[in-house]
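Now for the letters of each chain:
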Amino acid sequence: MDLHLQLGEGGLAEQIYAQLHERISTGVLPAGTVLPSSRELAGRLSVSRATVVAAYERLAAHGLIRSRAGVGTVVTGQRVPAPTTPPASPLRPREIWTAERLAVPDLVAPVAEFDFAPGIPARTQFPFARWRALLNDQLRTRTEVRYADPAGSAQLRTALARHLVVSRGVRIASEQLVITTGAQQAFDIAARILLEPGDTVAMEDPGYLPAYRGFVAHGAKVVGVPVDGEGLVVDRIPAGTRLVYVTPSHQFPLGMPLSDSRRTALLAWAARHDAAIVEDDYDSEFRFSGRPLTPLQATDMEGRVLYVGSFSKTLLPALRVGFLAVPETLAEAARRAKFVADYGTGGHVQAALAAFIEDGGLAHHIRRMRRAYERRHGVLISTLREHFDGVLEPIESSGGTHMAALLTPGQPPDTTLAARALAAGVNVGTVSRWGIDGAGPNGFVFGYGAIAADRIPAGLAALRRVI
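Residue positions are counted from 1 within each chain, in the order its sequence is given. Whole-chain, interface and lining totals are the exception, using all residues; otherwise, since this is a predicted model, local features are given only for residues with pLDDT of at least 70 and side-chain atom pairs are given and counted only at 80 or more. Processing note: side-chain calculations cover all non-hydrogen atoms of the structure and skip hydrogens and water entirely.

- The protein is annotated in an unreviewed UniProt entry as PLP-dependent aminotransferase family protein of Kribbella jiaozuonensis.
- Its UniProt record gives the protein a comment under Sequence similarities (unreviewed entry), which states: "In the C-terminal section; belongs to the class-I pyridoxal-phosphate-dependent aminotransferase family." UniProt positions are given in the numbering used here, feature names are shortened, and annotations may be inferred rather than shown by experiment.

## Concerning the overall build of the protein
Item 1. Working definition: helices are DSSP H or I runs of at least four residues, strands are E runs of at least two. Numbering for both runs from the N terminus. Looking only at helices and strands, the protein features 14 helices and 16 strands.
Item 2. For 467 residues, the compact-globule estimate of 2.2 N^0.38 gives 23 Å, and the C-alpha radius of gyration of the protein, at 29 Å, exceeds that figure by more than 25%.
Item 3. Across its three principal axes, the protein shows a C-alpha extent of roughly 95 × 55 × 50 Å.
Item 4. Across the 467 residues in the protein, those meeting the buried criterion constitute 51%.
Item 5. Contacts were defined at the residue level, with two residues in contact if any of their heavy atoms lie within 4.5 Å. When contacts within the protein are restricted to residue pairs at least 6 apart in sequence, those whose partners lie at least 24 apart make up 71%.
Item 6. For the protein, the distance from the average site of its 49 positive side-chain charges to the average site of its 45 negative ones is 6 Å. The atom set for the radius of gyration is the C-alpha atoms, and the globule formula is 2.2 Å times the number of residues raised to the power 0.38. For the exposure calls, accessible area comes from a 1.4 Å probe over protein chains only, and a residue counts as buried if that area is under 20% of its type's maximum, exposed if over 50%, partly exposed in between. Lys and Arg are tallied as positive, Asp and Glu as negative. Neither His nor the chain termini are counted. In plain terms, the charge of a residue is placed at NZ if it is Lys, CZ if Arg, CG if Asp and CD if Glu.

## Notes on unusual backbone geometry
Item 1. D205 connects to P206 through a cis peptide bond whose omega is 5°.
Item 2. In this structure, P206 sits in the loop between strand 6 (200–205) and helix 7 (209–217).
Item 3. Between F252 and the following residue, P253, the backbone shows a cis peptide bond with an omega angle of 10°.
Item 4. If you check the backbone angles, S46 has positive phi at about 60° while not being a glycine.
Item 5. Secondary-structure assignment places S46 in the loop between helix 2 (38–45) and helix 3 (49–61).
Item 6. Look at S46 and you get exposed, because its relative accessible area is 66%.
Item 7. Positive phi, normally seen in glycine, also occurs at D274, with a value near 50°.

## Overview of the sheet that holds strand 14 (residues 402–407)
Item 1. Here 5 strands make up an open sheet; going across it, the order is 4-15-16-14-13 and the pairing mixed. At either end of the open sheet lies a strand with only one pairing partner, and these are strand 4 (114–116) and strand 13 (392–394). Averaged over all pairs of adjacent strands, the angle between strand axes in this sheet comes to 35°, irrespective of strand direction.
Item 2. Where strand 4 meets strand 15 (residues 426–430), 3 bridges bridge the pair, whose relative direction is parallel. If you follow F114 over to strand 15, its bridge partner there is V426.
Item 3. Only the contacting stretch of a helix is used when fitting its axis, a line to C-alpha atoms as for every element, and angles between N-to-C directions run 0 to 180 degrees. Here helix 13 (residues 414–423) sits on the sheet in contact with strand 14, strand 15 and strand 16 (443–447), set at roughly 165° to strand 15. For two strands to count as paired, DSSP must find a minimum of two bridges between them.

## Comments concerning the packing of helix 2 against helix 3
Item 1. Running from amino to carboxyl end, helix 2 crosses helix 3 at an angle of 120°, the nearest separation of the two axes being 8 Å. It follows from the interaxial angle that helix 2 and helix 3 lie oblique. Of the two possible hands of crossing, helix 2 and helix 3 adopt the one that is right-handed. Seen from helix 2, the contacting residues are S38, R39, L41 and A42; seen from helix 3, they are R49, V52, V53 and Y56.
Item 2. Here the term charged refers only to Asp, Glu, Lys and Arg, the term nonpolar to Ala, Val, Leu, Ile, Met, Phe, Trp, Tyr, Cys and Pro, and the term polar to all other amino acids, Gly among them. Looking at the contact of helix 2 with helix 3, its residues break down into 5 nonpolar, 1 polar and 2 charged. Note on angle classes: values under 35 degrees are labelled roughly parallel, values over 145 roughly antiparallel, values of 65 to 115 roughly perpendicular, and the remainder oblique. A clockwise turn of the near helix away from the far one marks a right-handed crossing, whereas an anticlockwise turn of less than a right angle marks a left-handed crossing.

## Side note on the pairing of strand 2 (residues 65–68)
Item 1. Where strand 2 meets strand 3 (residues 72–75), 4 bridges bridge the pair, whose relative direction is antiparallel. Looking across to strand 3, one finds that I65 is bridged to V75.

## Here we look at the pattern of salt bridges
Item 1. Every case where a carboxyl oxygen of Asp or Glu lies within 4 Å of a side-chain nitrogen of Lys or Arg is listed as a salt bridge. Within this structure, the stated rule accounts for 19 salt bridges.
Item 2. Among the ionic pairs, R192 bridges to D188, the shortest N-O distance being 2.5 Å. You can see R192 and its partner D188 sitting in helix 6 (residues 182–194), 4 residues apart, about one turn around the helix.
Item 3. A salt bridge links R304 to E302; its shortest N-O distance comes to 3.0 Å.

## Things to note about helix 10 (residues 331–342)
Item 1. In a helix, the anticipated span is given by 1.5 Å times the number of residues less one. In a regular helix each residue adds 1.5 Å, so 12 residues correspond to 16 Å; helix 10 covers 17 Å between its end C-alpha atoms and thus fits that length.
Item 2. Tucked inside the fold, the buried residues of helix 10 contact strand 5 (177–180) and helix 6.
Item 3. Among the residues trailing helix 10, Y343 stands out with phi positive, at a value near 70°.

## Remarks on the packing of helix 1 (residues 12–25) against helix 3
Item 1. Direction vectors running N to C along helix 1 and helix 3 enclose 40°, while the axes themselves pass 8 Å from each other. The angle between helix 1 and helix 3 falls in the class oblique. Judged by the sense of rotation from one axis to the other, the crossing of helix 1 with helix 3 is right-handed. Within the contact between the two elements, helix 1 uses L12, A13, E14, I16, Y17, L20 and H21 and helix 3 uses T51, V52, A54, A55, Y56, R58 and L59.
Item 2. Taken together, the residues of the contact of helix 1 with helix 3 break down into 10 nonpolar, 2 polar and 2 charged.

## Concerning the environment of R371
Item 1. As for its position among the elements, R371 is in helix 12 (residues 361–387).
Item 2. Linking R371 and A419, residues 48 residues apart in sequence, is a C-alpha distance of 32 Å.

## A few points about the packing of aromatic side chains
Given two aromatic rings, their pairing is described by the distance between the two centres and the angle made by the two planes.
Item 1. Stacked, tilted and edge-to-face pairs are distinguished by plane angle, under 30 degrees for stacked and over 60 for edge-to-face with tilted covering the rest, among Phe, Tyr and Trp rings (Trp via its six-membered ring) whose centres lie within 6.5 Å. A complete count under the given rule lists 19 aromatic pairs for this structure.
Item 2. Consider the rings of F252 and W434, whose centres lie 4.7 Å apart with planes at 90°: the pair is edge-to-face. With F252 in the loop between strand 9 (241–246) and helix 8 (260–273) and W434 in the loop between strand 15 and strand 16, this pair connects stretches of sequence that are 182 residues apart.
Item 3. Given the relative accessible area of 7%, F252 is considered buried.
Item 4. Residue W434 is classed as buried on the basis of its relative accessible area, which comes to 7%.
Item 5. Whether a charge lies above a ring is judged from NZ of Lys or CZ of Arg, which has to be within 6 Å of the ring centre and within 35 degrees of the ring normal. Sitting over the ring of Y212, R101 keeps its end group 5.2 Å from the ring centre.

## Considerations on helix 1
Item 1. With 14 residues, helix 1 extends 20 Å from end C-alpha to end C-alpha; this agrees with the ideal 20 Å at 1.5 Å per step.
Item 2. When we look at burial in helix 1, the residues that qualify are Q15, I16, Y17, Q19, L20, I24 and S25.
Item 3. Along its buried surface, helix 1 packs onto helix 2, helix 3, strand 2 and strand 3.
Item 4. Looking one or two places after helix 1, you find G27, whose phi comes out positive at around 90°.

Right under this line is the structure:
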């Protein structure tokens, strides 16, 4: 038969298949129609015979054509039914997964002209050339393709253990480390190995909602504990709490560190109540003034602190690499929990990161970014004090990649003002959204990772015009 097909650029076998599929399913090519041989059709269309054979084989696999001895390739007459809307499934998720608190935030929103979003490092400062070279080297030379230790590569855990003892004073053996897919998976593993449904988890209020989501998803009852100028108010932790989540080096989102007396009190409280502490040390490398803050883990004499960190703030969130350091008694359980979760984090990324740590690249990058963030922090706080007096009260902080400022009494809700600001090209975080037992204080969270120092004054000027 004289069969006409119209081919465009690329995907020739797919185009032949799609056009024949459509004509057979609509009856244009009825049952019994003999199609041209693959060689003949290939010649007409000026394509390779293999291209036509691939299209014919796919049609045959769907039962639309078949080869008949002495006749050739024949349309079978099977019709493809018109698509119908499937009935609604009777399946429903557990109630917790319909809660607004577990909704996924908009992670792909357009970047504002002035981006003060918290939790974003300086992407333009990332050593992309060096990282590409490390990844390419691993892709060229890695020949191991089997499953590996779910806890992470020995090379990365060894390098990370050395880095932590030097940079943070964390006392940990490499065997006590589990490499995770970001800090979020570290919270998940901690919950898996320590919590039973209904157990009470205490965390700072306001506090870090992703951690809250992780604990709630495991069936825990999460209770907010107030913070003041010294951090978590230890005396307000409810009796019966099984686990306390805390950000002692740089409270999220308000920014103050946990005082020495509160640190001592928290460790003592955990000992008296046989509780665990999850310490999230998320951006402690970037401290600008004062003596370095010793992690709780380094002063924990009883093995009650699980130490969490990630490379999302120090390097890039897209790397999706974090870690969980646990007491020796929990090491095997944490390794098993990681295996249950996903069998292990990507090996080539782990190997590249290990090399980056071992050759001094991470330490150099942290030193460079500490200077950059210190400058941005200085510009931010001086501009706030000069132009927002009587409107915003900055909360003192000595490091990190964000700072908070509370709106003075009588100001509109921070969410209302943030919406106005976004319409004017300024993206700023709100403190109220981080509340655990209800809305948090009325104020803003200013991240300074995604905005250059020389852009901060113009961004704050645009914000001031809408307040």
